[in-house]
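Examining the three-dimensional arrangement
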Amino acid sequence: MSRIGNAIINIPAGVTVEAKDNVITVKGPKGTLTQAYDSVITPNIEGAVIRFTRANELGTTKAKHGLYRALCANMIKGVTEGFKKTLIVNGVGWKVAKQGKKVVMNIGFSHPVEIEEIDGIALDCPSQTEITVSGIDKEKVGQFAAMVRGYREPEPYHGYGIRYSDEVIDRKVGKAAGGKG
């Protein structure tokens, strides 16, 4: 039994959902998203509710049942509220600044690193040590935030690096001073 796949999705006011030719299209106040789905899964749109059903009881079909239901729920949330990830920049003298449609990061390299906004992703710098990645597509927002974090992943000894705001870095103890000598 798929607990996620069997759960219904309520469609909020101002959002339209269409399913045809194995593609779900969600239109809302913030934009439009589409997602292809497998033919073993059938979305049933009845009024302001979507319910997903599956054709058989195979393990792969059960997995897809929950997957497509979750993807559709994320699309509806994206076109109504949007998604946002906040990154924290931590290092001595490290800072970020927004310049037009790009973010310039001084993160310990000999040169500043520039990141351009892409289609569907908005970047913002509320402070000199924060970067906010936002958009309507959860996958794109997460992937772009991971790409920015990849420029300087957090290191465990001093905590320097770019980390998610809700990420906890397990700190390690450095080399012990003294010893036999």
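Numbering of residues starts from 1 in every chain and runs along the sequence as written. The predicted nature of this model means local features are confined to residues of pLDDT at least 70 and side-chain atom pairs, given and counted, to a pLDDT of 80 or more, with totals for whole chains, interfaces and linings taken over all residues. Side-chain figures throughout are based on the complete set of non-hydrogen atoms in the structure, without hydrogens or water.

Moving on to the environment of Ser39. What counts as a helix is a DSSP run of H or I of at least four residues, what counts as a strand is a run of E of at least two, and both are numbered from the N terminus. As for its position among the elements, Ser39 is in the loop between β4 (31-36) and β5 (41-46). Spatially, the C-alpha atoms of Ser39 and Ala55 are 8.4 Å apart, while their sequence positions differ by 16 residues.

In space, the three strands of this open sheet follow the order β8-β9-β10, with antiparallel pairing throughout. Every interior strand has two partners, whereas the edge strands, β8 (95-99) and β10 (113-116), have only one. If you compare each strand with its neighbour and ignore which way they point, the axes differ by 20 degrees on average. In this scheme, strands are said to pair when DSSP sees at least two bridges between them. Fitting a line to C-alpha atoms yields each axis, with helices limited to the stretch in contact; the angle taken between N-to-C directions then spans 0 to 180 degrees.

The next subject is the pairing of strand β9 (residues 102-106). Note that β8 and β9 share five bridges and pair antiparallel. When the sheet's bridge partners are listed, Val96 is paired in β9 with Met105. Connecting β8 to the antiparallel partner β9 that follows it, the hairpin turn spans two residues, and Gly100 within it adopts a positive phi of roughly 70 degrees. Pairing of β9 with β10 involves four bridges; the strand directions are antiparallel. Considered in β10, the bridge of Met105 is made with Val113.

Attention now goes to the sheet that holds strand β2 (residues 16-20). The antiparallel open sheet is built from three strands, whose spatial order is β2-β3-β4. Sheet topology places β2 and β4 at the edges, where each strand pairs with a single neighbour. Strand-to-strand twist of the sheet, defined as the mean angle between neighbouring strand axes without regard to direction, takes the value 15 degrees.

The next point concerns the nonpolar core. Among the nonpolar cores identified, the biggest contains 21 residues, and Leu87, Met105, Leu123, Ile131 and Val133 are the most heavily contacted of them. At the level of elements, β7 (83-90), β9, β10, β11 (121-124), β12 (130-135), α3 (138-149) and β13 (161-164) are the ones that each hand at least two residues to this core. Here this core gets four residues from one element, more than from any other, and that element is α3. By definition in these notes, contact holds between two residues if any of their heavy atoms fall within 4.5 Å. Residues within four places of Val133 in sequence aside, it is in contact with Phe83, Lys84, Lys85, Leu87, Ile121, Ala122, Leu123, Val141, Phe144 and Ala145. Buried residues of nine kinds, namely Ala, Val, Leu, Ile, Met, Phe, Trp, Tyr and Cys, make up a nonpolar core once their side-chain atoms join them within 4.5 Å. Here the term buried applies to any residue with accessible area under 20% of the maximum for its type, exposed to any over 50%, and partly exposed to those in between, with areas from a 1.4 Å probe on protein chains only.

As a further point, take the pairing of β11. Burial along β11 is one-sided: Ile121 and Leu123 are buried, while Ala122 and Asp124, pointing the other way, are not. Relative to β12, β11 runs antiparallel, the two being bridged by four bridges. Looking across to β12, one finds that Ile121 is bridged to Gly135. With antiparallel pairing between neighbouring strands as the criterion, β11 and β12 make up a hairpin whose turn holds five residues.

So yeah, pure geometry; function would need other evidence.
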